Amino acid sequence: MPMRHCLTFLAMLALWYAPAAALAQPNESAARQQLDALGQEIDSLSQRLSDTGQARDSAERELKDVETELADTHQRLDTLQAERRELNEETTQLLQHRDRLQAERDAQYTALAQQLAALYRLGPTPQLKLLLNQNDPAELDRMQAYLNRLTQARQQRLADIGRLDTALADTQQALGERQTRLDALADELEAQSALLAQRTTERRGVVATLDDRYGSEADRLADLNQSREQAEQQLRAIQAELARLSQPTPTTHITRTQGDLPWPVQGSITADFQRRDGVHYNGIVIQANEGTAVTAVHSGRVVFAEWMRGFGNLLIIDHGDQIMTLHAHLQQFSARPGQQVSRGDEIGRVGNSGGQSRSALYFEVRRGGEPINPQRWIARR
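These numbers were taken from a predicted model, which means no experiment stands behind them.

This paragraph deals with the overall build of the protein chain. Regarding its fold elements, the protein chain presents 7 helices and 10 strands. In the protein chain, buried positions account for 41% of the 381 residues. A fraction of 74% describes how many contacts in the protein chain between residues 6 or more apart in sequence connect residues 24 or more apart. Total accessible area computed for the protein chain in this model is approximately 20,300 Å², and 48% of it derives from carbon and sulfur atoms.

In structure tokens:
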């Protein structure tokens, strides 16, 4: 998602956070004009920032493209696998329902057979026999009532069997539809898995190309520092846009939880705050297995979720009170800009995007746009 799309999202957030009375304007066209005017203002700003965060050369652009496609493929695979799990659960429930219906129908057939056997024992014309063989009118009435109930019960059994046959047919049709969709999902999952393998191979080649361009360690560090400065410019632009909202982000009282926030992912810290050169200077690096869920440490709203040079797939949450958390090198996003998240909600997966050699989460905490030590905010272990 380009920077200008993110800024347009911030324009929508401005209206989102506006008081309800301001949004409930009687003139819909006036509200639309207000949205358009704010959108044009931010669009004008995005034109001035159009080069911010862009890759410098073809290799970096290729890395951005392939890692973005990798994230999309991972998300597509997750979606397909979730649908397959849901279909499997529905199929299991339908099979159980079918078994119950068949058992009920078998019971109805057994009861019907017993009723028919009782009628058979009375002979082909039980009413006529009653009239010819019974002298007691009261006994005749009782026998006639019994025959009537037997007939009604037989008719009810036949109706129940018809209903069960219809329900069984519907269930069998639903099972067939689920199986057809499952077969299609299996084919699509296979295709997506092949695409994932292809994109992974492409990424490996791009990263090797990027590594080969450094003539020395000094060149590599100089490039990392340039990436960090470029990223800082873009982060300052995001912070400035948040400050321009007509209403500030509502407080989530995150400052009260300082020193007690949960870890965004479980793992070992391999780079401390301000202990490493390059783009990881302002946060910490938590090593974790690829694909591990990354969760929000506190409630807030996602204000940025896209690829950024040096950070790879970067997701930013605004928690109010000028506090933001940054989560970088994600394999994929599980939340989108504008989405409200709560503490513990999954927001992404651990990855190695941004050209990293191993999977890890880069985590920052910023107050008023300035980085602060995340280890003072998350709980001690």
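Strand S5 (residues 312-318) sits mainly inside the fold: 7 of its 7 residues count as buried. Of the pairings in the sheet, the one linking strand S4 (residues 300-308) to S5 comprises 7 bridges and is antiparallel in character. Note on S5: the bridge partner recorded for Glu306 is Leu314. Between S4 and the antiparallel strand that follows it, S5, lie 3 residues; Gly310 among them carries a positive phi value of about 90°. As defined by bridge partners, S5 adjoins strand S6 (residues 323-333) across 5 bridges and the pair is classed as antiparallel. Looking at S6, one finds that Ile317 is bridged to Thr325.

Applying the stated criterion to the full structure yields 1 aromatic pair. Their ring planes at 40° and their centres at 5.6 Å tell us that Phe311 and Tyr362 sit as a pair that is tilted. Here Phe311, found in the loop between S4 and S5, pairs with Tyr362, found in strand S9 (residues 360-367); they are 51 residues apart in sequence, far enough to count as distant. Each member of the pair, Phe311 as well as Tyr362, is classed as buried.

Evaluation of the coordinates by the stated rule reveals 11 salt bridges. Close ionic contact of Arg163 with Glu104 constitutes a salt bridge, the shortest N to O distance being 3.4 Å. Highlighted residues: Arg163 in helix H6 (residues 137-212) and Glu104 in helix H4 (residues 58-122), separated in sequence by 59 residues. Residue Glu104 is classed as partly exposed on the basis of its relative accessible area of 33%. Measuring nitrogen to oxygen at the nearest pair gives 2.8 Å for the salt bridge that ties Arg105 to Asp165. Here Arg105 is found in helix H4, whereas its partner Asp165 is found in helix H6, with 60 residues between them in sequence. Ionic contacts of the salt-bridge type, sharing partners, join the residues Glu69, Arg199 and Glu202 into one network.

Summarising the element assignment, Asp318 is placed in strand S5. The charged side chain of Asp318 is buried without a salt bridge, its nearest counter-charge being Arg301 at 7.7 Å. One polar contact links the side chain of Asp318 to the main-chain amide nitrogen of Gly320, over a distance of 3.1 Å.

The element S9 is extensively covered by neighbouring structure, given that 7 of its 8 residues are classed as buried. Bridge count for strand S2 (residues 284-287) against S9 is 4 bridges, and the pairing is antiparallel. Bridge pairing links Ile284 to Phe363 in S9. In this structure, S9 lies alongside strand S10 (residues 370-372), joined through 3 bridges in antiparallel fashion. Looking at S10, one finds that Arg366 is bridged to Pro371. The turn joining S9 and S10, which pair antiparallel and follow one another in sequence, is formed by 2 residues; a positive phi near 60° is taken by Gly368.

Our focus in this paragraph is the confidence of the model for the protein chain. The pLDDT averaged across the protein chain works out to 77; a share of 72% of its residues lies at or above 70. Within the protein chain, helix H2 (residues 20-23) has the poorest average pLDDT of any element, 38, and strand S3 (residues 293-295) the best, 97. Overall, residues 1-26 carries pLDDT values under 50, and its contacts beyond four positions in sequence, including any with other chains, amount to 58 contacts. Predicted confidence is poor over residues 31-55, with pLDDT under 50, and the contacts of this stretch with residues over four places away or in other chains come to 32 contacts.

As a further point, take the environment of Gly344. With respect to the helices and strands, the residue Gly344 is situated in the loop between strand S7 (340-341) and strand S8 (346-350). A sequence separation of 48 residues divides Gly344 from Ala296, and the C-alpha atoms of the two residues are 5.2 Å apart. Setting aside anything within four residues of it in sequence, one finds Gly344 in contact with Thr295 and Ala296.

A few words on the nonpolar core. Residues Val302, Leu315, Ile317, Val341, Ile347 and Phe363 are the most contacted members of the largest nonpolar core, which totals 27 residues. Within the residue set of this core, elements represented by two or more residues are S2, S4, S5, S6, S8 and S9. Those residues in contact with Leu315 that lie beyond four places of it in its chain are Val302, Phe304, Ala305, Thr325, Leu326, His327, Leu330, Phe333, Ala335 and Ile347. Grouped together as the second largest cluster of nonpolar side chains are 17 residues, Ala231, Leu235, Ile238 and Tyr362 included.

As a further point, take the environment of Asp321. Summarising the element assignment, Asp321 is placed in the loop between S5 and S6. Expressed as a C-alpha distance, the spacing of Asp321 and Gly368, which sit 47 residues apart in the sequence, is 8.4 Å. Every residue in contact with Asp321, bar those within four places of it in the chain, is listed here: Thr249, Thr251, Thr252, His253 and Ile254.

Right, let's talk about the side chain of Glu67 for a bit. Summarising the element assignment, Glu67 is placed in helix H4. Classification of Glu67 by relative accessible area gives buried; the value is 2%. A polar atom in the side chain of Glu67 sits 2.5 Å from the backbone nitrogen of Gly354. Looking at Glu67, its side chain comes within polar contact range of the main-chain nitrogen of Gly355, at 3.1 Å. With near-sequence residues (within four places) excluded, Glu67 lies in contact with Arg203, Trp307, Gly312, Asn313, Asn352, Ser353, Gly354 and Gly355.

Rules behind the numbers
- Residue positions are counted from 1 within each chain, in the order its sequence is given.
- Confidence filtering applies because this is a predicted model: local features only for residues at pLDDT of at least 70, side-chain atom pairs given and counted only at 80 or more, and all residues used for totals across whole chains, interfaces and linings.
- Values shown for side chains rest on all heavy atoms present in the structure; no hydrogens or waters enter the calculation.
- Starting at the N terminus, helices and strands are each numbered in turn, a helix being any DSSP run of H or I of at least four residues and a strand any DSSP run of E of at least two.
- Each residue gets one of three labels from its accessible area relative to the maximum for its type: buried under 20%, exposed over 50%, partly exposed in between, using a 1.4 Å probe on protein chains only.
- We call two residues in contact when some of their heavy atoms are within 4.5 Å.
- Accessible surface area values rest on a Shrake-Rupley calculation with a 1.4 Å probe, where residue burial reflects the displayed protein chains alone.
- In this description, strands pair whenever DSSP reports at least two bridges between them.
- In summary, the pairing rule links any two rings of Phe, Tyr or Trp, Trp by its six-membered ring, whose centres are within 6.5 Å, and it sorts them by plane angle into stacked for under 30 degrees, edge-to-face for over 60 and tilted for everything else.
- The term salt bridge refers to a pairing of a side-chain nitrogen on Lys or Arg with a carboxyl oxygen on Asp or Glu at a separation within 4 Å.
- The sign given to each residue is positive for Lys and Arg and negative for Asp and Glu; His and the chain ends receive no count.
- In protein, a polar contact means a hydrogen-donor-capable atom and an acceptor-capable atom, both N or O and within 3.5 Å, with residues adjacent in sequence counting only if both atoms are side-chain atoms; elsewhere, any N or O pair within 3.5 Å suffices.
- Along the chain, pLDDT gives the predictor's confidence residue by residue, from 0 to 100.
- Residues grouped as a nonpolar core are buried Ala, Val, Leu, Ile, Met, Phe, Trp, Tyr and Cys residues, joined through side-chain atoms within 4.5 Å.

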